[in-house]
Amino acid sequence: LPQGGQPRLAEAAHAGNEQLAKLYENLAVFYEDVAAYQKSELALRRAEDLLRSGLLGEHASVLGQLARLRVITGNLAEAKKNQVKALRIRESIGDSIGIALSWNDLAELYIYTKEFGNAVTYARKAMTVLGDNPQVGVAERIAVRQTLGSALCGDHNCGEAITLLSGAIELARTNFGTNS
């Protein structure tokens, strides 16, 4: 090997793991689409294993996806554990947008479990970062409004929720057309 070849091999293996993890992540989505939840979970676990020593942001994304799958399968305690772990990873790397996306995911979990006070808290935090951030896609800016609106309505603050969701509709129309 040429001098410095070992680190390059390690980098190549690392990049290969990240690409392979992405394939497993995609496979998990396909399995989830056909309700093959056990296979989806196995694929996500494999992606997580491949990413443990890789990109932490990607690892957090896989944990978030695993949490969503666990909500579908009714394993809410594990879903919350995965969401909190994803949040902690994103906090450790200082990814402010990722942190806010984790807050939004936690808010959605709390909506699902009818813990609306917690849902509102996390959704408001997410809205502060994501709501008008040009670095965030329009779909995510709409989604955070939907999450906060659902949390507010569940918390018996439907007037504020309606205003917020009306804004989400306008944002969708402006960016995706009047029939969106």
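Owing to the predicted nature of the structure, the values given are computational and were not obtained by experimental measurement.

A. Representation of unusual backbone geometry in the model. The backbone of Ala35 sits at a positive phi, close to 60°, despite the residue not being glycine. Counting through the fold element by element, Ala35 comes out in the loop between helix H1 (5-33) and helix H2 (37-51). The backbone of His156 sits at a positive phi, close to 65°, despite the residue not being glycine. When you line up the elements, His156 lands in the loop between helix H7 (138-154) and helix H8 (158-176). Look at His156 and you get exposed, because its relative accessible area is 74%.

B. Representation of the confidence of the model for the chain in the model. For the chain, per-residue confidence averages 87 on the pLDDT scale, and residues scoring 70 or more make up 89% of the total. Per-element confidence in the chain ranges from a low mean pLDDT of 69 for H1 to a high of 97 for helix H6 (residues 116-130). Low pLDDT, under 50, characterises residues 1-12; the predicted model gives this stretch three contacts beyond four residues in sequence or across chains.

What counts, and where the lines are drawn
Residues numbered from 1 in each chain as written. Predicted model: local features only at pLDDT ≥ 70, side-chain atom pairs only at ≥ 80, totals over all residues. Heavy atoms only, no water. Helix = DSSP H or I, 4+ residues; strand = E, 2+ residues; numbered from the N terminus. Buried < 20%, exposed > 50% of the residue type's maximum accessible area, 1.4 Å probe, protein only. pLDDT = per-residue confidence, 0-100. Contact = heavy atoms within 4.5 Å.

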